[in-house]
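The residues making up each chain are set out below.
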2 protein chains.
Amino acid sequence: MLPRGRPRALGAAALLLLLLLIGFFLFGGDVECELGERGGERRGPGSFPCPLTPRVSADGRPRGAAAVDGDPSADRGGRNRSDCVPPRPPLPKCELLHVAIVCAGHNSSRDLVTLVKSVLFYRKNPLHFHLVTDAMARNILEMLFHTWMVPAVRPQVSWIPNKHYSGLYGLMKLVLPAALPPELARVIVLDTDVTFASDIAELWALFAHFSDEQVIGLVENQSDWYLGNLWRNHRPWPALGRGFNTGVILLRLDRLRQAGWGQMWTLTATRELLTLPATSLADQDIFNAVIKEHPGLVQPLPCVWNVQLSDHTLAERCYSEASDLKVIHWNSPKKLRVKNKHVEYFRNLYLTFLEYDGNLLRRELFGCPSPPSAGAEQVQRALAQLDEEDACFEFRQQWLTVHRVHVTFLPHEPPPPQPHDVTLVAQLSMDRLQMLEALCRHWPGPMSLALYLTDAEAQQFLRFVEASAVLSARQNVAYHVVYREGPLYPVNRLRNVALAQALTPYVFLSDIDFLPAYSLYNDLRASIEQLKLGSERRAALVVPAFETLHYRFSFPSSKAEVLALLDSGSLYTFRYHEWPRGHAPTDYARWREAQTPYRVQWAADYEPYVVVPRDCPRYDPRFVGFGWNKVAHIMELDAQEYELLVLPEAFTIHLPHRPSLDISRFRSSPTYRDCLQAVKDEFHQDLSRRYGAAALKYLTALQQPRHPA
Amino acid sequence: MLPRGRPRALGAAALLLLLLLIGFFLFGGDVECELGERGGERRGPGSFPCPLTPRVSADGRPRGAAAVDGDPSADRGGRNRSDCVPPRPPLPKCELLHVAIVCAGHNSSRDLVTLVKSVLFYRKNPLHFHLVTDAMARNILEMLFHTWMVPAVRPQVSWIPNKHYSGLYGLMKLVLPAALPPELARVIVLDTDVTFASDIAELWALFAHFSDEQVIGLVENQSDWYLGNLWRNHRPWPALGRGFNTGVILLRLDRLRQAGWGQMWTLTATRELLTLPATSLADQDIFNAVIKEHPGLVQPLPCVWNVQLSDHTLAERCYSEASDLKVIHWNSPKKLRVKNKHVEYFRNLYLTFLEYDGNLLRRELFGCPSPPSAGAEQVQRALAQLDEEDACFEFRQQWLTVHRVHVTFLPHEPPPPQPHDVTLVAQLSMDRLQMLEALCRHWPGPMSLALYLTDAEAQQFLRFVEASAVLSARQNVAYHVVYREGPLYPVNRLRNVALAQALTPYVFLSDIDFLPAYSLYNDLRASIEQLKLGSERRAALVVPAFETLHYRFSFPSSKAEVLALLDSGSLYTFRYHEWPRGHAPTDYARWREAQTPYRVQWAADYEPYVVVPRDCPRYDPRFVGFGWNKVAHIMELDAQEYELLVLPEAFTIHLPHRPSLDISRFRSSPTYRDCLQAVKDEFHQDLSRRYGAAALKYLTALQQPRHPA
């Protein structure tokens, strides 16, 4: 094996050195792009500004410096059988605990959320998460924590700005002492595939057992891998006995830095790579090799803090009842399908958090007053000012709700940059999942879709996509989960999430019940180029909308076929029977004859489906539930003097469906209409403020309460 | 106030005496109808047979007899701050804990489920629930626990067979020492409106602190009610200081019986009722009056075991952090809307369990081997015999799944007994909720509907019904929640649940996407009477089925209108385009002309919608997902020689809809078709076994794999 292993090993050694350099140069200062809400004091050198929010530094809270004196033998969860232990000074109440997690890619980001939920469920202390990510996970996690707004939780998302190193995220844990803020003395490091079954403060308390020499706390491996006897010529990396598992690590960062940790592990790793294969190269091999050389560095932790569920695990010896279990580690490639005597129990624990409503974790810590983030404070102030007796209380509350957002929930390839590319933007909830396959067949281009789901529904959605050959084959559809909260469908907030995540220069603002012409994606790109949309011309391209009332329907493949179907009564212009005003300005009579794009004038209640540059105005999130949400947006486009150009060959067709749960709940409510009117009034006041006298013409439109819900 | 209070007080005293009599005579022996799975040994005298399952007695496990020696000052959940406590012998591992809950009506039954989930979530011991119920709650809870199959949980449902006393369930806790099995020495008594935040074994351990004289453990009241100074002339019942709250009680039943508890409380109550108003008469007043007289009886419990969330609660003094909290008591009439500093925290805890997937609680206790119930054992054996490599593994697994069932999830008035009454039976999942209002408008008669939902969806459904004036007004619609489990829609199991819960002599076996003629309910009752269905004639009445492909549709009010719509092409016979065989034997041509019911012959693939006596054959639950599920049922009706009589004026119309998630997932799967064929074969073997040569004619039908999925 040596001749084959050697060159790879040398290559790996070179990468290791590179990584080390990254560690020293990039993370030399505090490279964290800090997410937070309270101003910009104490910005460290070398740090990156956050694109989302103002930067915030560590505050004055104790940061892992206080010595604790816990006793790990005191298994205090084991209610039925634990004995009393010698008195020990408790962990100071409200001590801030630091947790570091390395996370790369879409799937790990989902895993991380489940892990974080399990930690938050049991925690009683303020937490500071240090998240070391790639660019994808960064985008996801920044938005997620920013919108999650868990009190007394500070997330900091760091990232390695060069994607070339993404294959090396498995080694990132080794550079944490250099990468994390220099003033940080202790940290718990976790793999994304662990689940907590207990309060993380109990784990933190184990720092107190470190001798002066010890710097790393680890649980022994629960497999025979490092014993090197699994098969003939099995040559694992060197380790003490069974070695240690690095899914859960306690790090004394201060001492590691003092001891020259960076040099220590690179020397060991470089030397071992000369004789050992790098095939299974991961941080764990290197940690173990260093520990074999310096056994005094390690503080072995009780095995319950990393119960390893591989197929041939020795974990069963570790616990005798449920209360013994502290952290479950799904370190088998089979994950939940691993064979294990108690896997049912572990799986149920995992599923508990996988499907747990993350909104319920937004609870304050008793007796640990934490200053809310600026965003949260603003929301709380606004909510406190609401009048509970106001008939529109529920509506106003819904407008103010900050929904938790998990962007690119599933793996997604950003579209290659093309100057005229266009992304279809839409939103949906569970009851419209069935539209996705058809939509994919009609629109081969990129899509950005916001889904309004509960945590449990998000898992159903995941399984739905996995079970669909059509959907799993598509890499250019980005699904953004907005977690349900409140009684009304936040339609415009969903649209804004999908719009903000579109990555092409243009967007087609559609609705989920419409199927575009098969050729629309190509036609739009040609039209955008031809009309010089965006660059020379501020315009919105109108895609004429039709509807069929027939459930079974043969989709027209050309404008000629559309016209024939119109003539035969199989197709109507959209909402022809109930609300022709919504699309009348499109001028369908002219469209019949048109060979070239033609300009139309805005009129009251116009709500066409349009293609616009990505930087178009956002939707007004005050329009929740149903009614007027698109009208207001088109009004704003007009106020900003977008030309409205109808495309002569383009069309999109609405398919029939029963009203959604969200609409049927409010359709008959007079309160709903009153509150909608109130928002309209507020919206107009804002328009007047922003566009002055030019906005006067919209007043008439706003004062006519004749729009159907 | 006395002159007004006196007569009421005397009335109440009379009721009390009555209740006492019930206690002595009804519960004199062991009246529990015991639910269980293991044979019928040790059946106590005076016990009621269970309608659902064979009766099972207490087994040999220790039953609360072992003395424990816990220390309540050891707040072992308070990780951050608790001090070490003197050594104490732990609670014996796997000790069986007894819990009694009084529960009456539909809403309390739902509350009870949430309470039980919270107990199960934290528990580490086998549990024996003693449920004292009214007839409604009995029906609900027996089925629920029977299908929940939680290992190491034994539910026993007792009931008071006379509904006249249902108003007195609030006093039932007083007769528990007489009502519970005489060998039971200790029990924890809980109100349905409490939520656990900790292991119930910790509460059980407090029995060890009882002195020899103490018999009742209670937490002090966290309000000033019993101080009697809330308003002028406020005259509460007598109590020691603030008095005690009876939401959580530890009862030494053995000592209470010895001390003559029954006589003790009736004497006190009767005397107090002479001078006190009975308006707020509840067990708590009587417990407090007895304790005032005999203060030595009570062992005060730490307040965290009953944190009382009324508006003016003193509960906040009781805890300083989350880990202090053991049991939350929602004892305000405002329930979740109560004003309290930490109500957000408490509400999140409550919502956690409200929406928690109860299937996840079906986990074994580590190291407490509990013999599974006969049903569970059978299922497990069958599951173990399945071949994981079998292509139909997922299907077979689904057939064997026992779904948790909560019948009459919402308040429901059983229909008055009428000899020809008919219940509409159907099943649905979340995506068809929108059908319910229309269905209620079309069918004024009783309905029995099975809903396939997750625990969280069940709450959404509850809110949906509450928000709908049409649905909340209906008392004769029974909703039965079958909790989702597994990937396939268990259509026939759902039908069987709905069918089994129908309370009229006849049922109309429909599907949720059909709207019956407005007059169908009346017409059917007339036809049943006229045709002497059931009593003299074994027949199934066929309701001809039609469909519209139009989304907007004016529903015909007569057969004449149906015929006109058929002629104009707005209406078709059901599945006319895709699968005419399914309804061809109905003979629509003959129906056009028919004035009287006519008999038709069974033919392959016939699947009409029929009215039959309630005791008709059940659906075969092996047909899961979609396909053949009704065909098999009609085949069995024919095998049992039901006449098939088509009604000349009856009709029902299918409305168009997109395919449901459940159907679209499997429509394209070849495995699905293969497995469906496998079930068909098994079904036919069973038919042959049961009906012999008469079943031969069905073989042809079964051997033709031409049914669309």
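Residues numbered from 1 in each chain as written. Chains lettered and ligands numbered in written order. Predicted model: local features only at pLDDT ≥ 70, side-chain atom pairs only at ≥ 80, totals over all residues. Heavy atoms only, no water.

Caption draft 1: Geometry of the overall build of chain A. A count of helices and strands for chain A gives 22 helices and 24 strands. By the burial criterion, 62% of the 709 residues in chain A qualify as buried. Partitioning the contacts of chain A with sequence separation of at least 6, the portion at a separation of at least 24 is 79%. Total accessible area computed for chain A in this model is approximately 26700 Å², and 54% of it derives from carbon and sulfur atoms. (Helix = DSSP H or I, 4+ residues; strand = E, 2+ residues; numbered from the N terminus. Buried < 20%, exposed > 50% of the residue type's maximum accessible area, 1.4 Å probe, protein only. Contact = heavy atoms within 4.5 Å. Areas by Shrake-Rupley, 256 points an atom, 1.4 Å probe, with all protein chains shown as cover.)

Caption draft 2: The nonpolar core, seen in detail. Within the largest apolar cluster, 355 residues are counted, with the highest numbers of intra-cluster contacts made by Phe 129 of chain A together with Phe 129 of chain B. Each residue touching Phe 129 of chain A, except ones within four places of it in the same chain, is listed here: Val 99, Ile 101, Val 116, Val 119, Leu 120, Phe 145, Val 153, Arg 154, Pro 155 and Gln 156 of chain A. (Core = buried A, V, L, I, M, F, W, Y, C linked by side-chain atoms within 4.5 Å.)

Caption draft 3: The arrangement of the sheet that holds strand S13 (residues 422-429) of chain B in detail. All names here are of chain B. Ordered by their spatial adjacency, 9 strands build an open sheet running S12-S15-S14-S13-S16-S22-S18-S23-S21, and the pairing between neighbours is mixed. Of all the strands in the sheet, just strand S12 (405-406) and strand S21 (598-600) have a single pairing partner and so form its edges. In this sheet, strand S23 (residues 643-646) lies alongside strand S18 (residues 539-543) in parallel orientation, the contact comprising 4 bridges. Along S23, the bridge assignment pairs Leu 541 with Leu 645. Taken strand by strand, helix H16 (residues 520-531) contacts S13, strand S16 (506-509), S18, strand S22 (609-613) and S23, and its axis lies near 150° from that of S18. (Pairing = 2+ DSSP bridges. Axes fitted to C-alpha atoms, helices over the stretch in contact; angles between N-to-C directions.)

Caption draft 4: Looking closely at helix H9 (residues 343-354) of chain A. Across its 12 residues, H9 of chain A extends 16 Å between first and last C-alpha, which sits within 8% of the 16 Å expected from 1.5 Å per residue. When you tally the buried positions in H9 of chain A, you get 9 out of 12 residues, the bulk of the element. For H9 of chain A, the set of buried residues is Val 343, Tyr 345, Phe 346, Asn 348, Leu 349, Tyr 350, Thr 352, Phe 353 and Leu 354 of chain A. Those residues of H9 of chain A that are buried lie in contact with helix H2 (105-122), strand S6 (194-196), strand S10 (307-308), strand S11 (327-329) and helix H13 (455-467) of chain A together with helix H2 (105-122) of chain B. (Expected span 1.5 Å × (residues − 1).)

Caption draft 5: The state of the cysteines, seen in detail. This structure, assessed with the given rule, holds 6 disulfides over all chains. Linked covalently through their sulfurs, Cys 303 of chain A and Cys 318 of chain A form a disulfide whose S-S length is 2.1 Å. Where Cys 303 of chain A bonds to Cys 318 of chain A through sulfur, the torsion about that S-S bond is close to 110°, and the disulfide is right-handed. With Cys 303 of chain A in the loop between strand S9 (298-300) and S10 and Cys 318 of chain A in the loop between S10 and S11, this residue pair connects regions lying 15 residues apart in the sequence. Judged by its relative accessible area of 28%, Cys 303 of chain A is partly exposed. A sulfur-sulfur distance of 2.1 Å marks the disulfide that ties Cys 392 of chain B to Cys 675 of chain B. (Disulfide = S-S within 2.5 Å.)

Caption draft 6: Broad picture of the confidence of the model for chain A. Residue and element names in this part refer to chain A. In the predicted model, chain A carries a mean pLDDT of 82, and the fraction of residues at 70 or more is 82%. In the model, residues 23-89 has pLDDT below 50 throughout and makes 188 contacts with residues more than four positions away in sequence or in other chains. Scored by ipTM, the complex comes to 0.80, with pTM at 0.85. (pLDDT = per-residue confidence, 0-100.)

Caption draft 7: Quick look at the sheet that holds S10 of chain A. All names here are of chain A. In space, the 3 strands of this open sheet follow the order S6-S11-S10, with mixed pairing throughout. Because the sheet does not close on itself, it has two edges, and the strands there are S6 and S10. Relative to S11, S10 is paired through 2 bridges, and the arrangement is parallel. In the sheet register, Gln 308 faces S11, and the bridge partner there is His 329.

Caption draft 8: Quick peek at the packing of aromatic side chains. All chains considered together, the criterion is met by 57 aromatic pairs over all chains. Ring geometry for Phe 514 of chain B against Phe 574 of chain B: centres 4.9 Å apart, planes inclined by 70°, an arrangement best described as edge-to-face. You can see Phe 514 of chain B sitting in strand S17 (residues 514-516) and its partner Phe 574 of chain B sitting in the loop between strand S20 (572-573) and helix H18 (588-593), a full 60 residues away along the chain. By way of ring pairs, the aromatic residues Phe 121, Tyr 122, Phe 353 and Tyr 356 of chain A together with Phe 121, Tyr 122, Phe 353 and Tyr 356 of chain B are connected into one cluster. The lysine or arginine in question, Arg 363 of chain A, covers the ring of Phe 121 of chain A, its NZ or CZ lying 5.7 Å from the ring centre. The ring of Tyr 483 of chain A has Arg 404 of chain A sitting right over it, with the charged end atom 3.9 Å from the ring centre. (Phe/Tyr/Trp six-rings, centres within 6.5 Å; stacked < 30°, edge-to-face > 60°. Lys NZ or Arg CZ within 6 Å of the ring centre and 35° of its normal.)

Caption draft 9: Region of interest: the environment of Tyr 551 of chain B. The residue Tyr 551 of chain B is located in the loop between strand S19 (545-547) and helix H17 (559-568) in this model. Linking Tyr 551 of chain B and Arg 110 of chain B, residues 441 residues apart in sequence, is a C-alpha distance of 37 Å.

Caption draft 10: Here's a closer look at the pairing of S22 of chain B. All names here are of chain B. S22 sits mainly inside the fold: 5 of its 5 residues count as buried. Bridging between S16 and S22 involves 4 bridges; their strand directions are antiparallel. Bridge assignment links Leu 509 to a residue of S22, and that residue is Val 610.

Caption draft 11: Spatial organisation of the packing of helix H19 (residues 629-639) of chain A against helix H21 (residues 670-691) of chain A. Residues and elements named next belong to chain A. Where H19 meets H21, the closest approach of the two axes is 12 Å, and the angle between their N-to-C directions is 10°. Our classification of the angle between H19 and H21 gives roughly parallel. Crossing of H19 against H21: the hand is right-handed. Note on element contacts: H21 touches H19 through Phe 683, Leu 687, Arg 690 and Tyr 691, opposite Ala 632, Met 635, Glu 636 and Ala 639. (Parallel < 35°, antiparallel > 145°, perpendicular 65-115°, else oblique. Left-handed = near helix turned anticlockwise from the far one by under 90°.)

Caption draft 12: Structural detail: the packing of helix H7 (residues 261-275) of chain A against helix H8 (residues 283-293) of chain A. Residues and elements named next belong to chain A. Contact geometry for H7 and H8: axes closest at 9 Å, N-to-C directions at 100°. On the basis of their axis angle, the class for H7 and H8 is roughly perpendicular. Mapping the contact onto sequence places Trp 261, Met 264, Trp 265, Thr 268, Ala 269, Arg 271 and Glu 272 in H7 and Ile 286, Phe 287, Ala 289, Val 290 and Glu 293 in H8. Class assignment for the residues of the contact of H7 with H8 results in 8 nonpolar, 1 polar and 3 charged. (Nonpolar A, V, L, I, M, F, W, Y, C, P; charged D, E, K, R; others polar.)

Caption draft 13: Geometry of the side chain of Ser 223 of chain B. All names here are of chain B. Looking at the element boundaries, Ser 223 is found in the loop between strand S7 (216-220) and strand S8 (244-252). From its side chain, Ser 223 meets the backbone nitrogen of Trp 225 in a polar contact 3.2 Å long. When near neighbours in sequence (up to four residues on either side) are disregarded, Ser 223 contacts Arg 242 and Leu 314. (Polar contact = N/O pair within 3.5 Å; in protein donor to acceptor, adjacent residues only side chain to side chain.)

Caption draft 14: Just the domain arrangement of chain A, in detail. Residue and element names in this part refer to chain A. Domain boundaries in chain A define domain 1 (97-356) and domain 2 (405-703). Using C-alpha coordinates to define each centre, domain 1 is positioned 44 Å away from domain 2. Counting residues at the interface gives 14 residues for domain 1, matched by 14 residues for domain 2. Summing both sides of the interface, domain 1 and domain 2 together bury roughly 1300 Å²; the carbon and sulfur share of this comes to 56%. Of all residues in domain 1, His 106, Arg 110 and Glu 355 give up the largest surface area on contact with domain 2, accounting jointly for 41% of the area buried on that side. (Domains from an automatic or database assignment. Buried area = accessible area lost by both parts, 1.4 Å probe.)

Caption draft 15: Quick peek at unusual backbone geometry. For Cys 94 of chain B, which is not a glycine, the phi torsion comes out positive at approximately 70°. A relative accessible area of 18% places Cys 94 of chain B in the buried class.

Caption draft 16: Geometry of the environment of Val 298 of chain A. All names here are of chain A. Along the chain, Val 298 turns up in strand S9. Overall, the relative accessible area of 6% leaves Val 298 in the buried class. Along the backbone, Val 298 and Tyr 350 are 52 residues apart, and their C-alpha atoms lie at a distance of 29 Å. Look past the residues within four positions of Val 298 in its chain and what remains in contact with it is Gln 214, Ile 216, Leu 218, Phe 244 and Ile 291.

Caption draft 17: Highlighting H13 of chain A. The terminal C-alpha atoms of H13 of chain A lie 19 Å apart, and with 13 residues this matches the ideal 18 Å at 1.5 Å per residue to within 8%. Where H13 of chain A is concerned, the buried positions are Asp 455, Glu 457, Ala 458, Gln 459, Gln 460, Phe 461, Leu 462, Phe 464 and Val 465 of chain A.

Caption draft 18: How the structure looks around the pattern of salt bridges. For the coordinates displayed, the defined rule picks out 64 salt bridges over all chains. For Arg 537 of chain A, the salt bridge identified is with Glu 643 of chain A, shortest N-O distance 2.9 Å. Separated by 106 residues along the polypeptide, Arg 537 of chain A in the loop between helix H16 (520-531) and strand S18 (539-543) and Glu 643 of chain A in strand S23 (residues 643-646) bring together distant segments of the chain. Of the residues examined, Arg 537 of chain A reaches a relative accessible area of 28% and is grouped as partly exposed. Look at Glu 643 of chain A and you get buried, because its relative accessible area is 14%. For Asp 511 of chain B, the salt bridge goes to Arg 495 of chain B, with nearest N and O atoms at 3.1 Å. (Salt bridge = Lys/Arg side-chain N within 4 Å of Asp/Glu carboxyl O.)

Caption draft 19: Structural context of the pairing of S7 of chain B. Residue and element names in this part refer to chain B. Within S7, 4 of the 5 residues are buried, which leaves it mostly tucked inside the rest of the structure. Across 5 bridges, the pairing between S7 and S8 is antiparallel. Its bridge partner lying in S8, Val 219 is registered against Asn 245. Two elements, S7 and strand S9 (residues 298-300), share 3 bridges in a ladder whose sense is parallel.

Caption draft 20: Broad picture of the environment of Gln 640 of chain B. All names here are of chain B. Turning to its location among the elements, Gln 640 is positioned in the loop between helix H19 (629-639) and S23. The exposure class assigned to Gln 640 is partly exposed, which follows from its relative accessible area of 24%. Gln 640 sits 23 residues away from Pro 617 along the chain, and the two C-alpha atoms are 8.7 Å apart.

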